[in-house]
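A structural walkthrough
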Amino acid sequence: MIKKFIKNKYVNDHYRVGIISGGYGGLTAALNLNASRFCVTLFDQKKKFNWLPDIHELVSGMKRECDLQFSLEGRLLQLGHTFCNKSVTSIDPDCKQLVTEQAKNLSV
Ligand SMILES: Cc1cc2nc3c(=O)[nH]c(=O)nc-3n(C[C@H](O)[C@H](O)[C@H](O)COP(=O)(O)OP(=O)(O)OC[C@H]3O[C@@H](n4cnc5c(N)ncnc54)[C@H](O)[C@@H]3O)c2cc1C
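The name given to the protein chain in an unreviewed UniProt entry is NAD(FAD)-dependent dehydrogenase, and the organism recorded there is Candidatus Scalindua japonica.

Below is the structure:
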């Protein structure tokens, strides 16, 4: 059985949105969608957001790895959204469905 996350357009009168990526683009989209109107699930295979512009300070020893990262789950929670730590393998825009690698593995 393949798990499909985006089945219905609305959840409790909230427009359902799936964002694939917890990078700058995906996180910016999540920040601009208010949880009072949108039911947002953000998917990323990584657990943490990395602040890349300051990565040279890691190399120079000015900052530690934890100074340049934050938990995607924690940030999404603050926004009232949901984080799903999975890689998306396919999307079907017509059916408004997406499939994750984890779900595929479960079907084996
Ligand atoms: C060392 C370094 C320094 C940089 N410094 C600067 C700077 O100073 N200023 C600047 O403007 N830009 C800088 N950049 C460039 C900037 O980081 C990128 O332009 C930016 O990250 C692109 O954002 P994005 O959201 O498009 O993609 P990304 O930030 O790459 O995010 C993509 C996310 O999607 C996730 N993802 C991918 N495929 C899937 C999938 N199938 N399922 C689930 N999740 C998936 C990835 O895990 C990733 O978290 C730097 C880049 C590097 C590497």
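Pairing geometry for strand β2 (residues 14-20) and strand β3 (residues 38-43), over six bridges, is parallel. Residue pairing in the sheet places Val-17 in a bridge with Val-40 of β3. One crossover worth recording links β2 to the parallel β3 by way of helix α1 (residues 24-31), and it is right-handed.

Below, the discussion takes up unusual backbone geometry. A negative phi angle characterises most non-glycine residues, just as the trans form characterises most peptide bonds. A positive phi angle, near 130°, is found at Ser-21, a position not held by glycine. By secondary structure assignment, the location of Ser-21 is in the loop between β2 and α1. A count of 17 C-beta atoms within 10 Å places Ser-21 in the partly exposed class.

The subject of this paragraph is the site of the ligand. Ser-21, Gly-23, Gly-25, Pro-53 and Val-88 are the nearest of the 16 residues found near the ligand. With three residues, α1 is the largest single contributor of residues to the shell around the ligand. Classifying every residue of the shell around the ligand gives seven nonpolar, seven polar and two charged.

Let us now look at the nonpolar core. Ranked by size, the top nonpolar core spans 12 residues in total: Ile-19, Leu-27, Ala-30, Val-40, Leu-42, Phe-43, Leu-72, Leu-76, Phe-83, Cys-84, Val-88 and Leu-98. Counting residues per element, the ones that place at least two in this core are α1, β3, α3 (72-79) and β6 (82-84). A per-element tally of this core places β3 first, with three residues. Excluding residues within four positions of it along the chain, Val-40 makes contact with Val-17, Ile-19, Ala-30, Leu-33, Ala-35, His-81 and Thr-82.

Moving on: the environment of Arg-75. As for its placement among the helices and strands, Arg-75 is situated in helix α3. Each C-alpha atom, one on Arg-75 and one on Ala-30, is 9.8 Å from the other, the two residues being 45 residues apart in sequence.

To continue, consider the confidence of the model for the protein chain. Residues of the protein chain with pLDDT of at least 70 account for 84%, and the chain-wide mean is 86. Averaged pLDDT values over the elements of the protein chain bottom out at 53 in helix α4 (residues 101-107) and peak at 98 in α3.

Further remarks concern the pairing of strand β8 (residues 97-100). Regular strands show a simple pattern: their side chains alternate between the two faces of the sheet. Along β8, the buried face is formed by Leu-98 and Thr-100; none of Gln-97 and Val-99, which line the opposite face, is buried. Two successive antiparallel strands, strand β7 (residues 88-92) and β8, enclose a turn made up of four residues, where Lys-96 displays a positive phi of approximately 55°.

Calculation rules
Residues numbered from 1 in each chain as written. Predicted model: local features only at pLDDT ≥ 70, side-chain atom pairs only at ≥ 80, totals over all residues. Pairing = 2+ DSSP bridges. Helix = DSSP H or I, 4+ residues; strand = E, 2+ residues; numbered from the N terminus. Right-handed = clockwise from strand over helix to strand, strands pointing away. Buried ≥ 20, exposed ≤ 12 C-beta atoms within 10 Å, placed from the backbone. Near = placed C-beta within 6 Å. Nonpolar A, V, L, I, M, F, W, Y, C, P; charged D, E, K, R; others polar. Core = buried A, V, L, I, M, F, W, Y, C linked by C-beta atoms within 7 Å. Contact = placed C-beta atoms within 7 Å. pLDDT = per-residue confidence, 0-100.

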